[in-house]
Amino acid sequence: MQPGDELFRFCVSSKLKNISVIHFSILLVDRIFTEEERFNRNCRGGGSKNKQVLDPNKLGLVKKLVFDFYNVSPAERNLVWTKCIKAIDEKLRRPLKAC
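Structure report, in brief. (Residues numbered from 1 in each chain as written. Predicted model: local features only at pLDDT ≥ 70, side-chain atom pairs only at ≥ 80, totals over all residues. Heavy atoms only, no water.)

The next thing to look at is the layout of surface pockets. By volume, the largest pocket is sized at about 260 Å³. Lining the largest pocket, in full, are D30, E35, R38, F39, N40, K51, K91, L92, R93 and P95. The dominant element in the lining of the largest pocket, judged by the number of residues it contributes, is helix α5 (residues 77–93), at 3 residues. A class-by-class count of the residues in the lining of the largest pocket yields 3 nonpolar, 1 polar and 6 charged. (1 Å grid on protein atoms, 1.4 Å probe; cavity = no way out; pocket = protein on both sides within 12 Å on 5 of 7 lines; lining within 4 Å. Points joined across faces, edges and corners; volume = space filled by probe spheres on them. Helix = DSSP H or I, 4+ residues; strand = E, 2+ residues; numbered from the N terminus. Nonpolar A, V, L, I, M, F, W, Y, C, P; charged D, E, K, R; others polar.)

The following block contains the structure:
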């Protein structure tokens, strides 16, 4: 990803808006995954509706960007990412609800 890339510009502009790391992760999922890729899916797969898992490579990119753009200590990364996953899954369950 280079400074001229659309995704890079999106990340920088989102960060400048002082949104939370969790909200940033949701916005990235909406940006990186198509609507079809998000439909009937979640971050871990399974659940009561037996949903499919999101593409792990793209989800890995979301995680990388979250920690590239937000200063999260190594000790807190697992906790922060777990909160991001929960929020992403909630947004995927209720796609029309504003985040």
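Resuming the write-up.
Attention shifts here to the packing of aromatic side chains. Across all of its chains, the model carries 4 aromatic pairs by this definition. Measuring from ring centre to ring centre gives 5.1 Å for F24 and Y70, while their planes differ by 45°; the resulting arrangement is tilted. Here F24 is found in helix α2 (residues 21–32), whereas its partner Y70 is found in the loop between α4 (56–69) and α5, with 46 residues between them in sequence. F24 gets classed as buried once you look at its relative accessible area, which sits at 0%. (Phe/Tyr/Trp six-rings, centres within 6.5 Å; stacked < 30°, edge-to-face > 60°. Buried < 20%, exposed > 50% of the residue type's maximum accessible area, 1.4 Å probe, protein only.)

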